[in-house]
Amino acid sequence: MLLNFDFSSDTPIYLQLRNQIVMGIGSGKLKQGDKLPTVRALAEESGINVMTVSKAYNLLKQEGYIVTDRRKGAVVASQ
């Protein structure tokens, strides 16, 4: 997953991550059932804190964009 973060922005990193995933879903790059990277993998790949990724995933889950499962991980929810 290719993500770009602006560390000098006033927008928190977790919101930047959330917004990019939502835009990916809206544009069709991420489709229903697509598996997202694990929290740890995405944090390592992006160079951001694990808790930041977790916060973004929790927000996406609350908003209904993703569903999480212990076995399957995070996947894009049906819209």
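Residues numbered from 1 in each chain as written. Predicted model: local features only at pLDDT ≥ 70, side-chain atom pairs only at ≥ 80, totals over all residues. Heavy atoms only, no water.

**A few points about the pairing of strand 2 (residues 73-76)**
- Bridge count between strand 1 (residues 66-69) and strand 2: four bridges; the pairing is antiparallel. By the bridge assignment, Asp 69 is partnered in strand 2 with Gly 73.
- Linking two consecutive strands that pair antiparallel, namely strand 1 and strand 2, is a turn of three residues. (Pairing = 2+ DSSP bridges. Helix = DSSP H or I, 4+ residues; strand = E, 2+ residues; numbered from the N terminus.)

**A closer look at the packing of helix 1 (residues 13-27) against helix 3 (residues 50-63)**
- Two elements in contact, helix 1 and helix 3, have axes whose closest approach is 8 Å; the angle formed by their N-to-C orientations is 50°. Of the possible angle classes, the one that applies to helix 1 and helix 3 is oblique. Helix-helix and strand crossings are classified by hand; for helix 1 and helix 3 the assignment is right-handed. Between helix 1 and helix 3, the residues in contact are Ile 13, Tyr 14, Leu 15, Leu 17, Arg 18, Ile 21 and Val 22 and Thr 52, Val 53, Lys 55, Ala 56, Tyr 57, Leu 59, Leu 60 and Glu 63, respectively.
- For the contact of helix 1 with helix 3, the residue count by class is eleven nonpolar, one polar and three charged. (Axes fitted to C-alpha atoms, helices over the stretch in contact; angles between N-to-C directions. Parallel < 35°, antiparallel > 145°, perpendicular 65-115°, else oblique. Left-handed = near helix turned anticlockwise from the far one by under 90°. Contact = heavy atoms within 4.5 Å. Nonpolar A, V, L, I, M, F, W, Y, C, P; charged D, E, K, R; others polar.)

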